[in-house]
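Spelled out, the chains give:
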Amino acid sequence: FHFFNNAPELLSQPLPVADSTLGRTGEMPKGRHRLEITEDGLLQAVAVHFTAHFVDGLTLSNFPSYPGSNWAVWIWPLRHTQVRSGDVLHVDIHPPADVRLASDWSLGCQIERSSRRR
């Protein structure tokens, strides 16, 4: 878990991996997800956060987190890698049987380089 000291630089648009409605069983955020890189930069981590929409105009989110917040953003550090717009980061999320046990989650990542690279 991590609190940002500086605003993070996002290299892709956020990608919802789970959607849950109060009182209903939600889907687990597992499987392969595709993040298209939209900004050239240095990829350092995947940041996982939540946003809850309660009623029109009332939203709660932990992104970006800050020192003193009760909810840190979940950070999966990656080998620092230069990426360019058009590259794709494939992210495989593997939740454990007990999803509340944070230390047992795992994540696999693979970069697909854009054919537009020079």
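Everything numeric in this text was worked out from a predicted model, so none of it was measured.

> Just to check I follow, could you spell out the sheet that holds strand E7 (residues 106–112) for this structure?
Pairing between sheet strands relies on hydrogen bonds along the backbone, with the strands arranged either parallel or antiparallel. The strand order across the open sheet built from three strands is E1-E6-E7, with neighbouring strands paired in antiparallel fashion. Looking at the sheet topology across the chains shown, the edges are occupied by strand E1 (31–36) and E7. Each strand of the sheet is rotated relative to its neighbour by a mean of 20 degrees, with strand direction disregarded. The pairing of E1 with strand E6 (residues 88–94) spans six bridges and is antiparallel. Across the sheet, Arg32 pairs through a bridge with Asp92, a residue of E6.

> How should I be thinking about a nonpolar patch on the surface in this particular structure?
On the surface, Phe54, Val55 and Leu58 cluster together into a nonpolar patch covering about 320 Å² of accessible area. With respect to the element layout, Val55 can be found in strand E3 (residues 51–55). Note on Val55: relative accessible area 56%, which makes it exposed.

> When you look at unusual backbone geometry in this model, what are you seeing that I'm missing?
Keep in mind that most residues, glycine aside, have a negative phi and that most peptide bonds are trans. The step from Phe63 to Pro64 runs through a cis peptide bond, and the omega angle for that step is -10 degrees. Tracing the backbone shows Pro64 in the loop between strand E4 (58–61) and strand E5 (74–83).

What counts as what
- Residues numbered from 1 in each chain as written.
- Predicted model: local features only at pLDDT ≥ 70, side-chain atom pairs only at ≥ 80, totals over all residues.
- Heavy atoms only, no water.
- Pairing = 2+ DSSP bridges.
- Helix = DSSP H or I, 4+ residues; strand = E, 2+ residues; numbered from the N terminus.
- Axes fitted to C-alpha atoms, helices over the stretch in contact; angles between N-to-C directions.
- Patch = residues over 30% accessible without salt bridge, like charges linked within 9 Å, V, L, I, M, F, W, Y side chains within 5 Å.
- Areas by Shrake-Rupley, 256 points an atom, 1.4 Å probe, with all protein chains shown as cover.
- Salt bridge = Lys/Arg side-chain N within 4 Å of Asp/Glu carboxyl O.
- Buried < 20%, exposed > 50% of the residue type's maximum accessible area, 1.4 Å probe, protein only.

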